[in-house]
Protein chains: 2
Amino acid sequence: MQEYSSKLLENAINQIAKLPGIGRKTAVRLALYLLRQSSEEVSLFTESIANMKNNIFYCSKCHNVSDSPSCEICSNPHRNSSQICVVQDIRDVIAIENTQVYKGVYHVLGGVISPLQGIGIADINIGSLLSRIDMEEIGEVILALPATTEGDTTAYYISQHIRKRNQNIQISVIARGVSVGNDLENTDEITLTRSILNRVDFDSTLK
Amino acid sequence: MQEYSSKLLENAINQIAKLPGIGRKTAVRLALYLLRQSSEEVSLFTESIANMKNNIFYCSKCHNVSDSPSCEICSNPHRNSSQICVVQDIRDVIAIENTQVYKGVYHVLGGVISPLQGIGIADINIGSLLSRIDMEEIGEVILALPATTEGDTTAYYISQHIRKRNQNIQISVIARGVSVGNDLENTDEITLTRSILNRVDFDSTLK
């Protein structure tokens with residue numbers, strides 16, 4: 001156990017070191033960096049985090065983070081509310097929004113089914129997704145889940161339950177394939193297999 | 001510029017992304033991690049940092065961080081107050097304390113002379129070091145500064161000023177040499193040169 005000349009510093013380092021991916025050395029560096037900043041800067045830092053934690057809402061519809069009970073995306077009349085993109089995490093919403101290509105709405109599961117990690121169907125927002133499908137006019141559900149066994153299991157489970165309720169909803173999954181900038185040699189076999197089987201018309205890629 | 005569905009989240013991400021070595025993606029990950037923690041956990045986190053910033057002292061003697069105006073090391077009667085180890089940074093105190101081999105006291109410069117970065121003699125705690133040498137009974141000053149041009153310049157400047165005041169103080173520098181676990185092949189020439197010139201009696205290393 002390390003000894004510090006200040007308990008106050010030690011407490012701050014211990015708290016910072018709890019963050020994921022932040023080791024002890026980095027925590028020391030960050031704590032001393034904050035110590036060197038002005039009181040105003042440090043207040044801005046701590047208050048922005050406290051404010052976020054205390055005042056943020058989770059959208060009652062899609063479970064995305066929001067500054068009001070209904071998020072900006074769900075309450076935006078220009079978004080296509082009949083198209084739901086199902087994602088694992090809020091981060092995925094941010095990533096897809098950055099592409100500026102998707103104009104529908106979202107549903108944030110908050111995880112994927114993972115027996116190994118003890119995450120079951122009741123632990124993620126599947127029930128509320130099925131309720132939305134029951135209550136609203138949905139034309140398409142896009143499953144944008146991780147390309148893992150857990151992601152695939154979750155996608156399969158959701159698709160089965162949607163099918164039980166409604167045969168007419170289009171269920172899509174995002175394309176798996178060779179990432180832009182990657183060469184074939186370094187692409188794993190499953191991805192390469194999928195990208196060959198799901199090949200698309202060349203002219204369509206030029207649009 | 002990225003768009004987030006919550007200004008509160010965006011503010012927290014912006015603040016976290018100001019930390020050194022924390023990129024935008026990591027900031028998003030850390031903000032969402034904090035959001036998932038309990039309110040109590042987040043309070044502990046923000047308050048530990050605010051407390052540190054607002055209540056910490058810098059030791060009036062050695063400039064190390066402390067919970068009181070005189071630090072634990074300076075006020076410890078078991079430490080040899082006639083031996084001063086001069087370091088660049090509080091982090092260096094932590095690193096040396098962890099070795100448990102040094103029983104003297106410290107002097108934290110808070111930087112090294114660097115004309116390129118606009119850090120001059122007056123910007124670092126050299127004046128107070130020379131005052132200590134004038135006022136106290138000092139037997140040895142150990143210069144434990146970075147092995148860089150700036151570190152060497154600072155060490156030279158300090159040693160010259162100590163010599164002007166007192167011919168009897170022992171001035172030492174920490175040994176430069178091949179790090180434990182490193183092979184010679186990958187050691188730079190200057191380090192290797194120094195480690196050959198400053199070679200020590202083999203038997204003395206077995207003590």
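Residues numbered from 1 in each chain as written. Chains lettered and ligands numbered in written order. Predicted model: local features only at pLDDT ≥ 70, side-chain atom pairs only at ≥ 80, totals over all residues. Heavy atoms only, no water.

Overview of the relation of the copies chain A and chain B
Superposition of chain A onto chain B requires a rotation of 180 degrees combined with a translation of 0.0 Å along the rotation axis, giving an RMSD of 0.0 Å. Here the transformation between the copies is reduced to the relation of a two-fold axis. Closest approach to the rotation axis within chain A is made by the C-alpha atom of Thr46 of chain A, at a distance of 2.5 Å. Looking at chain A, 100% of its interface residues are interface residues in chain B too, so the copies touch through the same face. (Least-squares fit on C-alpha atoms with pLDDT ≥ 70 in both. Contact = heavy atoms within 4.5 Å.)

Here we look at the interface of chain A and chain B
Contact with chain A, which involves 51 residues of that partner, is made by 52 residues of chain B. Counting the surface lost from both chain A and chain B, the interface buries some 5,100 Å², and carbon and sulfur atoms represent 68% of this. Applying the counting criterion to the chain A and chain B interface returns two salt bridges. The salt bridge involving Glu41 of chain A is made with Lys18 of chain B; its shortest N-O contact spans 3.5 Å. At the surface where chain A touches chain B, the tally comes to 16 residue pairs in polar contact (both at pLDDT 80 or more). At the level of secondary structure, the elements contributing two or more residues to the side of chain A that touches chain B comprise helix H1 (7-17), helix H2 (24-36), helix H3 (39-55), strand S2 (65-66) and helix H4 (90-99) of chain A. The element best represented in the side of chain A that touches chain B is H3 of chain A, accounting for 13 residues. Within the side of chain A that touches chain B, the residues separate by chemical class into 26 nonpolar, 15 polar and ten charged. (Buried area = accessible area lost by both parts, 1.4 Å probe. Salt bridge = Lys/Arg side-chain N within 4 Å of Asp/Glu carboxyl O. Polar contact = N/O pair within 3.5 Å; in protein donor to acceptor, adjacent residues only side chain to side chain. Helix = DSSP H or I, 4+ residues; strand = E, 2+ residues; numbered from the N terminus. Nonpolar A, V, L, I, M, F, W, Y, C, P; charged D, E, K, R; others polar.)

Considerations on the packing of aromatic side chains
All names here are of chain A. With the rule as written, the count across this model stands at two aromatic pairs over all chains. Pairing Tyr102 with Tyr106 gives two aromatic rings, centres 5.2 Å apart and planes at 65 degrees, and the pair type is edge-to-face. Neither residue differs from the other here; Tyr102 and Tyr106 are each classed as buried. (Phe/Tyr/Trp six-rings, centres within 6.5 Å; stacked < 30°, edge-to-face > 60°. Buried < 20%, exposed > 50% of the residue type's maximum accessible area, 1.4 Å probe, protein only.)

Describing the sheet that holds strand S5 (residues 140-143) of chain A
All names here are of chain A. Strand order in the open sheet formed by four strands is S4-S3-S5-S6, and the pairing between neighbours is parallel. Strand pairing shows two members of the sheet lacking a second neighbour, strand S4 (104-108) and strand S6 (170-173), which therefore form its edges. Between one strand and the next, the sheet's axes are offset by a mean angle of 25 degrees, whatever the strand orientation. Both S5 and S6 contribute to a ladder of four bridges, which runs parallel. Residue pairing across strands places Val141 opposite Ile171, the latter belonging to S6. The sheet contacts of H4 involve strand S3 (80-87) and S4, and relative to S4 the element is tilted by about 160 degrees. The strands touched by helix H5 (residues 126-135) within the sheet are S3, S4 and S5, with S4 carrying the most contacts at an inclination of about 145 degrees. (Pairing = 2+ DSSP bridges. Axes fitted to C-alpha atoms, helices over the stretch in contact; angles between N-to-C directions.)

Brief notes about the sheet that holds strand S3 (residues 80-87) of chain B
Residue and element names in this part refer to chain B. Reading across the sheet, the four strands line up as S4-S3-S5-S6 and stay open at both edges, with parallel pairing between neighbours. Where the open sheet ends on each side, the last strands, each with one partner, are strand S4 (104-108) and strand S6 (170-173). Going across the sheet, the axis of each strand differs from the next one's by a mean of 25 degrees, ignoring polarity. Taken strand by strand, helix H5 (residues 126-135) contacts S3, S4 and strand S5 (140-143), and its axis lies near 145 degrees from that of S4. Taken strand by strand, helix H6 (residues 149-165) contacts S3, S5 and S6, and its axis lies near 170 degrees from that of S5.

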